[in-house]
Amino acid sequence: MGEHVLPGNPPLTVALRRSDRAGRITLRVSHRDGRVTLTLPRRTPEREALAFLREREAWVRGHLERVAPPRAVRLGGSLPYLGEEIALRPAALRSPRLEGRVLLLPDDAARAPARAMAVLKARARDRLSAAVDRHAAALGRRTGRLSFRDTRSRWGSCSSTGDIMLSWRLVMAPPEIGDYVAAHEVAHLAELNHSPAFWAVCEQLFPQHRAARDWLRLHGDALQRIDFTAPAGATA
């Protein structure tokens, strides 16, 4: 339903959202990117929600102070790939090339983040598609459409028709983490829930699933904070 800006230093942009399922007004500060969301029930007047927001402004600002800043992707810097840091170095070439722990990129600061992201997306598609195929074969199930997105609320999903979505950012994590998420979503082909029966299937496909889930809880936010937008002031 839009945004509201609270004046102050700095001003706070708050996303406003109505929900049929909300029983009361709620405020959420994302510890991944600092996004502030004000959710109100369908019939609650907007003025009531904004009064609620103003009453809790100090709480919101306090939480924002604890949110880690985004990590910019830039030439001369680095980013994680398969759990290890790779350097981003300019080179006299026309397209990116990954050599060991170095990603060589054309010497163009403005386009470097997008080029690095394209490399990761392509690698994620290859690795995670193979993992999905392997786990589906082990389970004796067929998948639907496989897609890759940059999701914030979940690392993957599986629909009732067998379509699987995975976050391409998983390719930045250690290899077993992406393998686990692929196994998790394939397990939903047998059990479209999180019942004990589902976790038994997940255990069958990926016995180390608890350790992988713990890793995502501890380190997943850091992957979400990696910022692939062009640096301020960069020109092509």
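Residues numbered from 1 in each chain as written. Predicted model: local features only at pLDDT ≥ 70, side-chain atom pairs only at ≥ 80, totals over all residues. Heavy atoms only, no water.

Engineer: What exactly am I supposed to notice about the overall build of the protein here?
Structural biologist: When helices and strands are tallied, the protein shows six helices and 13 strands. By principal-axis analysis of the C-alpha atoms, the protein measures approximately 55 × 50 × 30 Å. Counting only residues that meet the buried cut, the protein has 43% of its 236 residues in that class. When the accessible surface of the protein is totalled, it reaches about 13,200 Å², and 49% of it is carbon and sulfur. (Helix = DSSP H or I, 4+ residues; strand = E, 2+ residues; numbered from the N terminus. Buried < 20%, exposed > 50% of the residue type's maximum accessible area, 1.4 Å probe, protein only. Areas by Shrake-Rupley, 256 points an atom, 1.4 Å probe, with all protein chains shown as cover.)

Engineer: Sorry if this is basic, but what is going on with the pairing of strand β9 (residues 102-106) here?
Structural biologist: Looking along a regular strand, one sees side chains alternate from face to face of the sheet. Of all five residues that make up β9, five are buried, and the element is covered over most of its length. By the bridge criterion, five bridges tie strand β7 (residues 84-91) to β9 in an arrangement that is parallel. Bridge assignment links Ala91 to a residue of β9, and that residue is Pro106. With three bridges joining them, strand β8 (residues 97-99) and β9 adopt antiparallel strand pairing. If you follow Arg97 over to β9, its bridge partner there is Leu104. (Pairing = 2+ DSSP bridges.)

Engineer: How should helix α3 (residues 112-139) be read in this particular structure?
Structural biologist: For α3, which comprises 28 residues, the first-to-last C-alpha distance of 40 Å matches the rise-based estimate of 40 Å (1.5 Å per residue) to within 8%. Once α3 ends, the next one or two residues include Gly140, with phi positive near 70°. (Expected span 1.5 Å × (residues − 1).)

Engineer: Would you take a moment to explain the pattern of salt bridges for this structure?
Structural biologist: Between side chains of opposite charge, a pair can form as their charged atoms come close. Under the counting rule described, the total for this entry stands at ten salt bridges. As a salt-bridge pair, Arg210 and Glu203 come within 3.3 Å of each other at their nearest N and O atoms. (Salt bridge = Lys/Arg side-chain N within 4 Å of Asp/Glu carboxyl O.)

Engineer: Can you walk me through the sheet that holds β7 in this structure?
Structural biologist: An order of β6-β7-β9-β8 is seen for the four strands of this open sheet, with the pairing classed as mixed. Bordering the open sheet on either side are β6 (78-81) and β8, each of which pairs with just one other strand. Ignoring strand direction, the axes of neighbouring strands in this sheet form an average angle of 35°. In the packing of α3 onto the sheet, the strands contacted are β6, β8 and β9, and the crossing angle to β9 comes to about 130°. (Axes fitted to C-alpha atoms, helices over the stretch in contact; angles between N-to-C directions. Contact = heavy atoms within 4.5 Å.)

Engineer: Just to check I follow, could you spell out the nonpolar core for this structure?
Structural biologist: Inside soluble globular proteins, nonpolar side chains tend to come together where they are buried. Of all hydrophobic cores here, the largest spans 45 residues; its most connected members are Leu79, Leu120, Val186 and Phe228. At the level of secondary structure, the elements contributing two or more residues to this core comprise β6, β7, β9, α3, β12 (164-167), α4 (175-187), α5 (196-205) and α6 (209-224). No other element matches the ten residues that α3 contributes to this core. When residues no more than four places from it in sequence are discounted, the contact partners of Leu120 are Leu79, Tyr81, Trp168, Val171, Met172 and Phe228. Counting residues in hydrophobic clusters, the runner-up holds 16 residues, among them Leu6, Val14, Val29 and Leu38. (Core = buried A, V, L, I, M, F, W, Y, C linked by side-chain atoms within 4.5 Å.)

Engineer: Would you explain the packing of aromatic side chains in this entry?
Structural biologist: Where two aromatic rings form a pair, the distance of their centres and the angle of their planes describe that pair. In this structure the tally under the stated criterion is three aromatic pairs. Pairing Trp168 with Phe228 gives two aromatic rings, centres 5.5 Å apart and planes at 70°, and the pair type is edge-to-face. You can see Trp168 sitting in the loop between β12 and α4 and its partner Phe228 sitting in the segment after β13 (226-227), a full 60 residues away along the chain. The class for Trp168 is buried, based on a relative accessible area of 2%. For the ring pair Tyr180 and Phe206, a centre distance of 5.9 Å and an interplane angle of 55° mean the geometry is tilted. Within this pair, whereas Tyr180 is found in helix α4, its partner Phe206 is found in the loop between α5 and α6, the two being separated by 26 residues in sequence. Taken as a pair, Tyr180 and Phe206 share a single burial class, namely buried. Residue placement shows Arg213 over the ring face of Trp199; its charged tip is 4.2 Å from the ring centre. (Phe/Tyr/Trp six-rings, centres within 6.5 Å; stacked < 30°, edge-to-face > 60°. Lys NZ or Arg CZ within 6 Å of the ring centre and 35° of its normal.)

Engineer: How should I be thinking about the pairing of strand β2 (residues 12-19) in this particular structure?
Structural biologist: In the sheet, strand β1 (residues 2-6) pairs with β2 via five bridges, with the strands oriented antiparallel. The partner of Val5 across the bridge, within β2, is Thr13. Linkage of β1 to β2, two consecutive antiparallel strands, is achieved through a turn of five residues, within which Gly8 is found at a positive phi near 150°.

Engineer: Looking at this structure, how should I read the side chain of Arg61?
Structural biologist: For Arg61, the location among the structural elements is in helix α2 (residues 57-65). Relative accessible area serves as the criterion here: at 19%, Arg61 is assigned to the buried category. Residues within four places of Arg61 in sequence aside, it is in contact with Leu6, Pro7, Gly8, Asn9, Pro10, Pro11 and Leu12.

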